[in-house]
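Listed below, chain by chain, are the residues.
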Amino acid sequence: MLAQQLLNALFLGAVYALFALGYTLIFGVLDILNLAHAAIYMIAAFAAYSLVADGLPLPLAAGLAIVMAGVIGILLDRVAFAPLRRRNAGTLVPLISSIGVAIVIGAIARAVYGIDERHFVEGGLDATPIHLGPVTFTSLEAIILATAIGLMFGLSYVLRATVLGRNIRAVAQDRVAAALLGVDLERTIAATFFIASALGGAAGILTGLEYNAVSLDLGSQIELKGLAVIILGGMGSITGAVIGGFAIGIVETLAVAYGLSAWRDALTFGVMFLILVARPAGIFGARALRSA
Amino acid sequence: MNLGTFYAQHSRLIDQIGINALLALSLSVSLQAGQLALAQAAFAGIAAYVSAIAAMQFGFPLAAAIAVAIAAAALAAAALAYPVRKLRGIFLAIATIGFGEIVRVVANNVDITGGAEGLSGIPNDVTTPIIYGALLLVALALVALARTKFALAVKLTREDENAARGVGVDVGMVRFASLVIGGAIAGLAGALYAHAFYFLTPTDFGFARMEQILVWCVIGGVTSPAGAVVGAVLLSILPEVIRPLADYRELTSGLILLGVILFVPNGLSMLWAKRGV
Amino acid sequence: MKFVARVALVSAAMIALAVPAGAAATKGPAAGKTVTVGVIADVTGSAAVYGTMQKNAYDLATADAAAGIIDAGGATLSFNVQDAASDGAQVVNLMQKFTTDGTTPLVLGPTLSGEAFKAFPLAKAANFPVIGTSTTAEGVTAIGPTVFRVSLAESQAIPPTVAKVQSIWHGKNVAIIYGDDNAFTKTDGALFQREFEKSGATVVDTETFHIGDKDFQAQLTRIASKKPDIIAIGGLFPEATKIIEQAGKLGIKAHMVGGNGLNSTAMYATAGPAAQGVVVGAAWFIGNKYTGNEAFVKRFKAKYGSLPDQFAAQAYAAAQVVAALVKSGATTKDEFSAGLRGLRIVQTVLGPIAFDSNRDVKAAPVVLQIVKDGFAYLQ
């Protein structure tokens, strides 16, 4: 049974990690906690659902929805963060404006999609279980896991091997120096928001597929859990977010497996608290975004 | 409509505003020291339950129950201050949010708090004059505090911790004191809430509430206690004022929040603050 | 040609004006008066899924009252639905507003039991009648002598349901999974435990989840290892559908049973093949043959594009009770209180409604089973 539980943790953690990547990317580059991230996660899932409902094949619908999420990310920055950057408003004020945007996105989602839960496949998923020794999973779950891991590798590649990635890392390290060295700040920041929000949107779509359910409250729990993930892994660290995601997945799953389900959140945040106290930089704190 | 009828129709909202103002002040104390310590809602929650249990299980009279509750909240703040002493900015915020979640889970899972079903039947003996009397006392105390050297130390700590240390400010003590004072005020607010609204659930003082308090303070002005109160008052009234908008309330409050913060990023207090402060 | 058409048009108009709108044109003592009942519902916020169903039912009731489908004895009856946004503070403020505005004679709602504990004491203090339609926790009606409830409590629904399934399934090992952060779901868990143990079964595993959870594989993996015959679900349908679907995915073959919270079309529409055979102990069967129920379901579907669920049905039933009281002359809060106290039977979409001495509804649950594309009575 432990093997199955660890596999459960793997699937859970993959989505947490993908979500946290967006959080940590924006924090690493701008020192801002973007509380609209969970709202983008949610609305991307709805967008993918409605494209599928309109007849588009799933991969195309998902791709379009991910791009849409990225665009919303750029708009988010233009509307809620950039004006404050110009006025040197610090890091607390953007947090509040991101809350405002989150509320607006939620209101729009409710107006457009209503309060009912939507389903990618009506009548339930017909995913045939695959039995591999002591564990059972479905092909859909395997695809979701592979997609999540693929996106993480994609991000790592972009950051490590492209000009854009280098620029992002430079801005994360020292914004002023990067500007002096000729990096186009605003374009780099916009690109960062695009990537971060696209990843968040991807996480939302994968969550919607995994549970065949898209609802307004899709992001209600992951918003706070994402914080625990990035703390565990280290703020601004990509690898950290990934490890952190799986670590939180394991903490949660094992909590349930050992009968402590009611204390699950306390354990997750307890672990996070301990890391903050003992090693505030997180597990990978030394290797921050600056070195990806 | 005369004052009496107005009160009869809005007394609950008036009480909520008073308590929210206290909560805003409790966070403002921390923010003025430059600490993004988001545990005030949890401290208020702890105090609310302690006060209720003291009154219901142990027969404490109101004043004693509130006193014990404030002490409990201050103690929790003191206990929290130690492990987070090295944390700054967003890290401190997240640590304190985590603390809040742990408190919520404990309240949900133990029997003495009534768990998820909630705690009902709390003696309903806190009235509007008591709430506003407490608010006035706290406001006066903070005004008095603002004239002391401590307040100067707080301001220096907020602006530049290293410089403050350089001129001899005990930054650790400033941070500790601001957290505990904030915790005590939050405790007062929580205890008053328990006896004014007679029913508690674990989510009453969870992250949603903490987020609300933070929004009040930032909208009002992070470094201005008066601003915090103004933020609390305006945003507490907002849902009722825009009630005629029905389906568009949610969208409107999001847009208002966004609009205010983009136009006056340093808070509404900038509208009346002296220039060059 | 034109002349004939014009005559026809004028005659039609005169006929339309002469015949009163709608079928029943009875005249009660309140004829000609206007009664606007207050409703507190969570149309937005975390409980929006339930509150919107309630709002839709009340809006339909207002339309039906205007059209005479709901007979208010000639009075103009409408339901003023106010959104509390799943915020306890707003629930309290709305209750205060309604109980002091001088024109509202009665309040229906709020949506959640916790909100009821916050708001009903205000009604008690004002000697004001309130009817809960979805607030099924212990102790709600005990708050005051003007607090009534038309929704079947879990403590009324679960015991007969367990007795019935045990008479058919004879389960020996039972696993229970319930929500630990919600009064309603927690009550379900405790009741299932008590009732299954009473029936002689052994509870081999108890698991919990949080409202809003999507992933139950960890809990279900543990349940599967204990090999129960029956899994009892103490939850609401958003979580229950996922529990059932994921149980199917993991290959769990136990019977499954739930309470009121599972009474929604979502159960068979989304939980997949694993939902077939799940038993639900509920307060309302969408296909019941009580007076007006079939028509209600049809009208609801026509107006909103989706079928009503139990939240909607219970709301509509409360509206029907209110109409019956208005028909017998109640227009003020004291008249409504007296009317509720002395209520004999009212025919509603839930069936015949009467109150017991605790002001709870006198009714038995219907034990349903999920079949191919809907619910059916459990045989």
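Engineer: Any chance you could explain the interface of chain B and chain A here in plain terms?
Structural biologist: How large an interface is tends to be reported as the accessible area lost when its parts come together. Across the contact, 32 residues belong to chain B and 32 residues belong to chain A. Mapped onto the side of chain B that touches chain A, the elements with two or more residues apiece are α4 (89–109), α9 (207–220) and α11 (249–263) of chain B. The element that contributes the greatest number of residues to the side of chain B that touches chain A is α4 of chain B, accounting for 13 residues. Residues belonging to the side of chain B that touches chain A are distributed by class as follows: 23 nonpolar, five polar and four charged.

Engineer: Is there a simple way to think about the interface of chain B and chain C in this case?
Structural biologist: Across the contact, 20 residues belong to chain B and 21 residues belong to chain C. For the side of chain B that touches chain C, the elements supplying multiple residues, two or more each, are α1 (3–32) and α10 (225–241) of chain B. Ranked by residue count, the leading element in the side of chain B that touches chain C is α1 of chain B, at six residues. Taken together, the residues of the side of chain B that touches chain C sort by class into eight nonpolar, seven polar and five charged.

Engineer: Looking at this structure, how should I read helix α2 (residues 37–53) of chain A?
Structural biologist: Since there are 3.6 residues in each turn of an α-helix, residues three or four apart along the chain are aligned in direction. Residues and elements named next belong to chain A. The terminal C-alpha atoms of α2, which comprises 17 residues, lie 25 Å apart, in line with the 24 Å expected from a rise of 1.5 Å per residue. Judged by how many residues are buried, α2 sits mostly within the fold: 14 of 17 residues are covered. Following α2 by one or two positions, Gly 55 has its phi on the positive side, about 110 degrees.

Engineer: Mind showing me how you'd approach the pairing of strand β1 (residues 129–132) of chain A here?
Structural biologist: Regular strands have side chains that alternate between both faces of the sheet. Residues and elements named next belong to chain A. Looking at chain direction, β1 and strand β2 (residues 135–138) are connected through four bridges and run antiparallel. Counted as the bridge partner of His 131 is Thr 136 from β2. Taking the residues that link successive antiparallel strands as the turn, the β1-β2 hairpin has two residues, and the phi of Gly 133 there is positive, at about 70 degrees.

Engineer: I tried to follow the sheet that holds strand β13 (residues 366–371) of chain C on my own but got confused; where do I start?
Structural biologist: All names here are of chain C. Taken together, seven strands build an open sheet; the order of strands is β7-β6-β8-β9-β10-β13-β14 and the sheet is mixed. Whereas interior strands pair on both sides, the edge strands pair on one side only; in this sheet they are β7 (202–209) and β14 (374–377). Neighbour-to-neighbour, the strand axes of this sheet turn through a mean angle of 25 degrees, independent of strand direction. Pairing of strand β6 (residues 173–179) with strand β8 (residues 230–234), which is carried by five bridges, proceeds in the parallel orientation. Each bridged residue has a counterpart across the sheet, and for Val 174 the counterpart in β8 is Ile 230. Helix α5 (residues 154–169) contacts β8, β9 (255–258), β10 (279–282) and β13 of the sheet and is inclined by roughly 150 degrees relative to β10.

Engineer: Whenever I open this one, the sheet that holds strand β4 (residues 130–132) of chain C confuses me. Can you help?
Structural biologist: Adjacent strands of a sheet pair through backbone hydrogen bonds, lying either parallel or antiparallel. Residues and elements named next belong to chain C. Reading across the sheet, the five strands line up as β2-β1-β3-β4-β5 and stay open at both edges, with parallel pairing between neighbours. Since the sheet does not close on itself, it has two edges, and those belong to β2 (76–83) and β5 (147–149), each with one partner. Helix α2 (residues 48–66) contacts β1 (34–41) and β2 of the sheet and is inclined by roughly 160 degrees relative to β2.

Engineer: For this particular structure, what's the right way to read α11 of chain B?
Structural biologist: In this model, α11 of chain B (15 residues) spans 21 Å end to end at C-alpha, consistent with the 21 Å of a helix rising 1.5 Å per residue. Among the residues of α11 of chain B, Arg 249, Glu 250, Ser 253, Gly 254, Leu 257, Leu 258, Val 260 and Ile 261 of chain B are the ones counted as buried. On its buried side, α11 of chain B packs onto α3 (58–86) and α4 (92–113) of chain A together with α9 and α10 of chain B.

Engineer: Sorry if this is basic, but what is going on with the nonpolar core here?
Structural biologist: Among soluble globular proteins, nonpolar side chains are generally buried collectively. Counting 345 residues, the largest nonpolar core has Ala 17 and Leu 18 of chain A together with Ala 47 and Ala 73 of chain B as its most contacted members. At 18 residues, helix α1 (residues 2–30) of chain A tops the list of elements feeding residues into this core. Built from parts of two domains, this core gets at least three residues from each of domain 1 (32–152 + 289–353) and domain 2 (155–282) of chain C. Among residues more than four places away in sequence, those in contact with Leu 18 of chain A are Ala 148, Leu 151, Met 152, Leu 199, Ala 202, Ala 203 and Leu 206 of chain A.

Engineer: Hey, could you run me through the confidence of the model for chain A in this one?
Structural biologist: Low pLDDT means the predicted atomic positions in that stretch should not be read closely. For chain A, per-residue confidence averages 88 on the pLDDT scale, and residues scoring 70 or more make up 95% of the total. β1 of chain A is the least confidently modelled element of chain A, averaging 81 in pLDDT, while α2 of chain A averages 96, the highest of any element.

Engineer: What is the right way to read the packing of α1 of chain B against helix α5 (residues 128–146) of chain B from this model?
Structural biologist: The packing of two helices is summarised by the inter-axis angle and the distance between the axes. Residues and elements named next belong to chain B. One way to put it is that α1 packs onto α5 with a least axis distance of 9 Å and a crossing angle of 25 degrees. Relative to α5, α1 is oriented roughly parallel. In this structure, α1 meets α5 at a crossing whose hand is left-handed. Residues Ser 11, Ile 14, Asp 15, Gly 18, Ile 19, Ala 21, Leu 22 and Leu 25 of α1 touch α5, and the partners they reach there are Thr 128, Ile 131, Tyr 132, Ala 134, Leu 135, Val 138 and Leu 142. Looking at the contact of α1 with α5 residue by residue, the class counts come to eleven nonpolar, three polar and one charged.

Engineer: Is there a simple way to explain unusual backbone geometry in this structure?
Structural biologist: Peptide bonds are trans in most cases, and residues, glycine excluded, mostly fall at negative phi. Residue Pro 110 of chain C is reached from Gly 109 of chain C by a cis peptide bond, and omega for that bond is 0 degrees. Within the element layout of this structure, Pro 110 of chain C appears in the loop between β3 (107–108) and α4 (113–125). With a phi close to 60 degrees, Asp 31 of chain A is a non-glycine residue in the positive phi region. Here the phi dihedral of Arg 359 of chain C falls at roughly 70 degrees; this positive angle occurs in a residue that is not glycine. Mapped onto the fold, Arg 359 of chain C is located in the loop between β12 (351–353) and β13.

Engineer: Please explain the packing of helix α9 (residues 222–233) of chain A against helix α11 (residues 264–278) of chain A as it appears in this structure.
Structural biologist: Residues and elements named next belong to chain A. Viewed as axis vectors pointing N to C, α9 and α11 meet at an angle of 35 degrees, and their least axial separation amounts to 9 Å. Where α9 crosses over α11, the handedness of that crossing is left-handed. Contacts between α9 and α11 involve Lys 225, Ala 228, Ile 231 and Leu 232 on the former and, on the latter, Thr 268, Phe 269, Val 271, Met 272, Ile 275 and Leu 276. Counted by class, the contact of α9 with α11 contains eight nonpolar, one polar and one charged residues.

Parameters and conventions
- Residues numbered from 1 in each chain as written.
- Chains lettered and ligands numbered in written order.
- Predicted model: local features only at pLDDT ≥ 70, side-chain atom pairs only at ≥ 80, totals over all residues.
- Contact = placed C-beta atoms within 7 Å.
- Helix = DSSP H or I, 4+ residues; strand = E, 2+ residues; numbered from the N terminus.
- Nonpolar A, V, L, I, M, F, W, Y, C, P; charged D, E, K, R; others polar.
- Expected span 1.5 Å × (residues − 1).
- Buried ≥ 20, exposed ≤ 12 C-beta atoms within 10 Å, placed from the backbone.
- Pairing = 2+ DSSP bridges.
- Axes fitted to C-alpha atoms, helices over the stretch in contact; angles between N-to-C directions.
- Core = buried A, V, L, I, M, F, W, Y, C linked by C-beta atoms within 7 Å.
- Domains from an automatic or database assignment.
- pLDDT = per-residue confidence, 0-100.
- Parallel < 35°, antiparallel > 145°, perpendicular 65-115°, else oblique.
- Left-handed = near helix turned anticlockwise from the far one by under 90°.

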